[in-house]
Amino acid sequence: MKIASRSLGLSLPEEKSQPLIELGNYSILLYGEPKVGKTSLAAEFPENFFLMFEPGAKALSVYQRNLAEGADGWAEFRDYLKLLEKDKKFRTVTVDTLDVAAKCCLQWACKEYGFDHPADEGYGKGWDKVNGEFNTQIRRLLKLGKG
């Protein structure tokens, strides 16, 4: 069996890459107890757009959109990613909070794939769909080139 070569147009690097030295070029996970100031800290990053899966920025002046609950919130998240893929204004994107986003993704996947719970799909198949969806959208977010 012959395997077709896909190397057309590829080349090996001739120089090392240069490290990025600005903190805003990196993805950061802020983890901590409620009300310790995670959102307030994130608000200090320049041109930051907040995707709010739960209320938490009421006392802050930030660019934000409050997402719906459940499956609808995850659908909105996906739509905002489409907008952000074309955006030139925002340098940072904050998802507040990621655990609520994951629950919304779970509800979206159940609705999208027609099961009540991922465990109903046989050994790992439902969870694989949920995890695949979550990871695909988070990778989209990370590929935006925004902090």
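Everything numeric here is computed off the predicted structure, so don't read it as measured data.

> Would you mind showing me how to read the pattern of salt bridges here?
Side chains that differ in charge, positive against negative, can pair when their charged atoms come close. For the structure on display, the rule yields 6 salt bridges. As a salt-bridge pair, Asp-72 and Lys-111 come within 3.8 Å of each other at their nearest N and O atoms. Of the two residues, Asp-72 is situated in helix α2 (residues 70-86) and Lys-111 in helix α3 (residues 98-113); the sequence distance between them amounts to 39 residues. Between Lys-82 and Asp-79 there is a salt bridge, with the nearest N and O atoms lying 3.8 Å from each other. Of the two residues, Lys-82 and Asp-79 are both situated in helix α2; the distance of 3 residues between them amounts to about one turn of the helix. Here Lys-82 falls in the partly exposed class, since its relative accessible area comes to 47%. Taking the relative accessible area as the measure of exposure, Asp-79 reaches 42% and is therefore partly exposed.

> Hey, could you run me through the nonpolar core in this one?
The nonpolar side chains of a soluble globular protein tend to be buried with one another. Formed by 25 residues in total, the largest nonpolar core has its most connected members in Leu-51, Phe-53, Trp-74, Phe-77, Leu-84, Val-95 and Leu-141. Secondary-structure elements contributing two or more residues to this core are β1 (48-52), α2, β3 (92-96), α3 and α4 (125-142). Sort the elements by how many residues they give to this core and α3 lands first, with 7 residues. In this structure, Leu-141 is in contact with Phe-77, Leu-81, Val-93 and Val-95, ignoring residues within four places of it in sequence.

> Help me understand the packing of aromatic side chains, please; the structure alone is not making it clear to me.
By convention here, two paired aromatic rings are described through the distance between centres and the angle between planes. In total, this model carries 9 aromatic pairs according to the counting rule given. One aromatic cluster is present, formed by Phe-49, Tyr-63, Tyr-80 and Phe-90 through successive ring pairs.

> Teacher, can you tell me more about the layout of surface pockets here?
With a probe scaled to a water molecule rolled over the atoms, the places where space remains empty come into view. In this structure, the largest pocket spans a volume of roughly 1100 Å³. Together, 41 residues line the largest pocket, and Leu-30, Thr-94, Val-95, Asp-96 and Thr-97 are the ones closest to its centre. Among the secondary structure elements, those contributing two or more residues to the lining of the largest pocket are α1 (38-42), β1, β3, α3 and α4. For the lining of the largest pocket, the element with the highest residue contribution is β3, accounting for 5 residues. Here the residues of the lining of the largest pocket are counted per class, giving 21 nonpolar, 12 polar and 8 charged. Considering only enclosed or pocket space, the second largest pocket measures out at about 180 Å³ in volume.

Conventions used here
- Residues numbered from 1 in each chain as written.
- Predicted model: local features only at pLDDT ≥ 70, side-chain atom pairs only at ≥ 80, totals over all residues.
- Heavy atoms only, no water.
- Salt bridge = Lys/Arg side-chain N within 4 Å of Asp/Glu carboxyl O.
- Helix = DSSP H or I, 4+ residues; strand = E, 2+ residues; numbered from the N terminus.
- Buried < 20%, exposed > 50% of the residue type's maximum accessible area, 1.4 Å probe, protein only.
- Core = buried A, V, L, I, M, F, W, Y, C linked by side-chain atoms within 4.5 Å.
- Contact = heavy atoms within 4.5 Å.
- Phe/Tyr/Trp six-rings, centres within 6.5 Å; stacked < 30°, edge-to-face > 60°.
- 1 Å grid on protein atoms, 1.4 Å probe; cavity = no way out; pocket = protein on both sides within 12 Å on 5 of 7 lines; lining within 4 Å.
- Points joined across faces, edges and corners; volume = space filled by probe spheres on them.
- Nonpolar A, V, L, I, M, F, W, Y, C, P; charged D, E, K, R; others polar.

Purely geometric stuff here, so don't read any function into it on its own.
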